[in-house]
Amino acid sequence: MFWQIIAENKRKSVILIALMGISLAVLGYSAGIFAVGYLNPAADGFISHRSGLSGIIIAVIIWLILLITALFASDSIFLSASNAKQLTHNMNPQLFNVVEEMVIAAAMPKMPEIYIIEDMAPNAFALGKGPDDGKICVTAGLLAVCGRDELQGVVAHELSHIINRDVLYMTIAATMLGAVSLISDTFLRSFRYLPSRRYSCGKSSRGKGQALIMLAAFTVMILGPLLSRILYFSISRKREYLADATSARLTRYPEGLASALEKIMLSGYKNSEAPKAAAPFYIANPYRMDIKNSVFATHPPITDRIQILRSMTFGASYTDYLKAYWKITGTHRNLIPVKSINIGEKIAIRKSSEMPPDSPDQYVSRKKAGDIIRHINGFKFIECPCKMNIKVPPETSAESLICPRCSRVHKL
Amino acid sequence: MTGLSMFLLVFVAIAVTLFLYIAGVYNRLVFLKNQVKNAWSQIEVQLKRRHDLIPNLIETAKGYMQHERQTLESVTAARAGAISVKSIADVSSAEGELSKALTKFMAVAEQYPDLKANQNFLALQEELSSTENRISFARQAYNDSCLMLNNKIEMFPSNIVASRFGFKKQAFFELENPMEKDLPKVSF
């Protein structure tokens, strides 16, 4: 079942990450040559492998520092930055139940921690290094607009990021990208402020060969970050498709995720507070909806994702997703590791488990999201017989309160 | 090296490889068997959860549904029947009965707006529908792991190891799920 995907996935990601590592090394090498060559114009002989190798070592050290910080502190920094609140069963039984159902379906060893973010924009993301250490975060806006089946689709998508260890791989890749950008930025910027050679003699000790090396190093400085970024985003997009496929298989109800994605697309909100580096971790890019195919997109076009899920009319297995993917994108790329496709596996799509979902009225859903946030923050809700719903903040010290509409007295 | 020692070396190499292979297959079979066992205990946990929810549900509904005594009693009877069974084959049919009775109960409850507005009932309904989902997902996980174990037991060459150590095929768990039976009708 799932461990086959994990194994296959590991291999593919390792290759892509190795490519990023190589570009980091090449960049470090040229940075070393660049630095020594530029700062010591007289030292012709110093443009050697030694300066390049020390460049690589510095690049790797920068990457390791970023990686270690990211692995050990990013979760808590991220959660506190987005003001996430950990959820217990009583706060929102439906969300808690949905997560538990999906944990059973995926046969996960441990229940992930669940967090709610006070944000009106519907979105969700996963954190954590693997199945033993997973965290799922959803925004209050998502809870407000999604029905049970839609929520299930989103939660299954996030859980499959955890099962596939996507967060771990994306963190490794992201920190590599970070190191690459840092080094090239530093060099391209410092190049501007370095003393100009305008006043020195044109016929310096610089040989023609050296100039060529400098030119090559300069090219690497500019192309390196670009290439790393393209690699990084291609890993990210592939993992989104795989998580969609896994979500359909786990829930046996592709329409749930499709309709949730549609609501996210149409919501018109943007997660203004979401850290930009975290965009690949969300279910849909929080800054801009990826509508067109682009090498710089963190997510596949959201309309494609919806269409693929909606054309899975014959079943919810990986094969069905792959066929739908081929049909919609017109390619024959092998998206899902061959080994994990059980040929002939039949997973019937189940029926919707609920009444038609709530109306996607902006006003109603915003009100609902507000109530969810208040509930988490310990507000008391009093329903007056006059149909007035009174929301009492937890800081209130008064013992009773008067209904503003019908003047009834309520005891707190 | 003489011919004899060469022969001995090859013989030992083959014996070691064979032993390692058999040990590998055996361990895999044990792993799969334990997985089936785990998946089954997960089903049992969820079935028990359902049995525990029903008395509360009936208690809450009683006040509102005085004219539906028969529906309520059939749920209680089906629950009692489901609790008393032991073997896997009987569990399937007894739980199927319970599912049917519950579906009917929920359909009847739809006609009582007061009951549907009751916070306690709504909470119980959410727990019950979640439990139904859990049962069906746990069942899927159980059947998946059964299939893997059974394949290993039937297929050559692992079947030799399996029969030698007495591994037995496990029965699938089929539950009559009213939700799955009632597929959407397509009309042209």
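Since the structure is predicted, the reported quantities are computational estimates derived from the model, not experimental observations.

Cut-offs used in this document
For every chain, the first residue of its written sequence is number 1, and the numbers climb from 1 along that sequence. Lettering for chains starts from A, numbering for ligands starts from 1, and both go in the order in which the items are written. The model is predicted, so local features are restricted to residues of pLDDT at least 70 and side-chain atom pairs to those at 80 or more, both for listing and for counting; the totals for chains, interfaces and linings are taken over all residues. To obtain the side-chain values, all non-hydrogen atoms of the structure were included, while hydrogens and water were left out. Using only the protein atoms, space was sampled on a 1 Å grid; points where a 1.4 Å probe fits but cannot get out form cavities, open sets with protein on both sides within 12 Å along at least five of seven lines form pockets, and lining residues are those with an atom within 4 Å of a point. Grid points are joined across faces, edges and corners, and a volume is the space filled by probe spheres set on the points. Only DSSP runs of H or I covering at least 4 residues are called helices, and only runs of E covering at least 2 are called strands; the numbering of each starts at the N terminus. Three residue categories are used. Nonpolar comprises Ala, Val, Leu, Ile, Met, Phe, Trp, Tyr, Cys and Pro, charged comprises Asp, Glu, Lys and Arg, and polar comprises the others, including Gly. Two strands are said to pair when DSSP picks up at least two bridges between them. Working convention: axes come from line fits to C-alpha atoms, limited for helices to the stretch in contact. Angles between N-to-C directions cover 0 to 180 degrees. Residue count minus one, scaled by 1.5 Å, sets the expected span of a helix. Contacts are assigned to residue pairs with any non-hydrogen atoms lying within 4.5 Å of each other. Each of two parts loses accessible area, computed with a 1.4 Å probe, when they are put together; buried area is these two losses added. Whenever Lys or Arg places a side-chain nitrogen within 4 Å of a carboxyl oxygen from Asp or Glu, that contact is recorded as a salt bridge. Contacts described as polar in this section are N or O atom pairs within 3.5 Å, which, within protein, must combine one atom able to donate a hydrogen with one able to accept it, while residues neighboring in sequence count only if both atoms come from side chains. Any angle that is under 35 degrees is reported as roughly parallel, and any over 145 degrees as roughly antiparallel; angles of 65 to 115 degrees are reported as roughly perpendicular and all others as oblique. Crossings are classed by handedness, with left-handed meaning an anticlockwise turn of the near helix from the far one by less than a right angle and right-handed meaning a clockwise turn. Here the term buried applies to any residue with accessible area under 20% of the maximum for its type, exposed to any over 50%, and partly exposed to those in between, with areas from a 1.4 Å probe on protein chains only. Segment limits for the domains were obtained from an automatic or database-derived domain assignment.

K.L.:
Before we move on, can you summarise empty space enclosed by the protein with the specific residues and values?
P.N.:
Unfilled space is identified by rolling a water-sized probe across the atoms. All names here are of chain A. Applying the stated criterion to the full structure yields six cavities of 30 Å³ or more. Surrounding the largest cavity, A126, H161, D166, V167, M170, S236, R239, E240, P280 and F281 form its lining. Looking at the lining of the largest cavity, the elements with two or more residues in it are α6 (166-193) and α7 (208-251). A breakdown of the residues in the lining of the largest cavity according to their chemical character gives five nonpolar, two polar and three charged.

K.L.:
Now, about the sheet that holds strand β2 (residues 113-117) of chain A: what can you tell me, with residues and values included?
P.N.:
Residue and element names in this part refer to chain A. Within the open sheet, the four strands sit side by side as β1-β2-β4-β3. Their pairing is mixed. Sheet topology places β1 (84-86) and β3 (124-130) at the edges, where each strand pairs with a single neighbour. Taking each pair of neighbouring strands and ignoring which way they run, the sheet shows an average axis angle of 25°. Bridging between β2 and strand β4 (residues 133-139) involves five bridges; their strand directions are parallel. Along β4, the bridge assignment pairs Y115 with C137.

K.L.:
Explain helix α10 (residues 318-329) of chain A residue by residue, including any values.
P.N.:
For α10 of chain A, which comprises twelve residues, the first-to-last C-alpha distance of 16 Å matches the rise-based estimate of 16 Å (1.5 Å per residue) to within 8%. G330 of chain A sits one or two positions beyond α10 of chain A and adopts a positive phi of about 75°.

K.L.:
Which residues make up the interface of chain A and chain B, and what are the values?
P.N.:
Listed as interface residues are 21 residues of chain A and, on the opposing side, 23 residues of chain B. Of the roughly 1900 Å² buried between chain A and chain B on both sides combined, carbon and sulfur atoms contribute 51%. Taken together, the links from chain A to chain B amount to three salt bridges. Put simply, R134 of chain B and E100 of chain A hold a salt bridge, and the shortest N to O gap is 2.8 Å. Summed over the shared surface of chain A and chain B, the number is ten residue pairs in polar contact (both at pLDDT 80 or more). Top contributing element to the side of chain A that touches chain B by residue count: helix α3 (residues 93-105) of chain A, with eight residues. In the side of chain A that touches chain B, the residues fall into eight nonpolar, six polar and seven charged.

K.L.:
Report on the packing of α3 of chain A against helix α5 (residues 148-163) of chain A, specifying residues and quantitative values.
P.N.:
Residues and elements named next belong to chain A. Close contact between α3 and α5 brings their axes to 9 Å; oriented N to C, the two are set at 50°. Relative to α5, α3 is oriented oblique. Handedness of the α3/α5 crossing: right-handed. Two secondary-structure elements touch here, α3 through Q94, L95, N97, V98, V99, E101, M102 and V103 and α5 through R148, L151, Q152, V155, A156 and L159. Residue composition of the contact of α3 with α5, grouped by class: nine nonpolar, three polar and two charged.

K.L.:
Describe the pattern of salt bridges, naming the residues involved and giving the relevant values.
P.N.:
Using the criterion set out here, one finds 21 salt bridges over all chains in the structure. Between D244 of chain A and R305 of chain A there is a salt bridge, with the nearest N and O atoms lying 2.9 Å from each other. You can see D244 of chain A sitting in helix α7 and its partner R305 of chain A sitting in helix α9 (residues 302-310), a full 61 residues away along the chain. Given a relative accessible area of 0%, R305 of chain A falls into the buried group. The closest approach of N and O atoms between D144 of chain B and R249 of chain A, which form a salt bridge, is 4.0 Å. Of this pair, D144 of chain B sits in helix α5 (residues 119-154) while R249 of chain A sits in helix α7, which puts the two residues in different chains. Exposure remark for R249 of chain A: the relative accessible area of 5% places this residue in the buried category. Each of the salt bridges in this network shares a partner with another, and the network as a whole consists of D75, K129, D133 and K135 of chain A.

K.L.:
Go over the domain arrangement of chain A, please, and point to the residues and values.
P.N.:
Residues and elements named next belong to chain A. Domain boundaries in chain A define domain 1 (1-347) and domain 2 (362-411). For the domain 1 and domain 2 pair, buried surface summed over both sides reaches about 1100 Å², with 68% attributable to carbon and sulfur atoms. For the domain 1 face of the interface with domain 2, the top three residues by lost area are M91, M120 and A144, together amounting to 40%. The dominant element in the side of domain 1 that touches domain 2, judged by the number of residues it contributes, is helix α4 (residues 140-145), at five residues. Partitioning the side of domain 1 that touches domain 2 into residue classes produces eight nonpolar, three polar and three charged.

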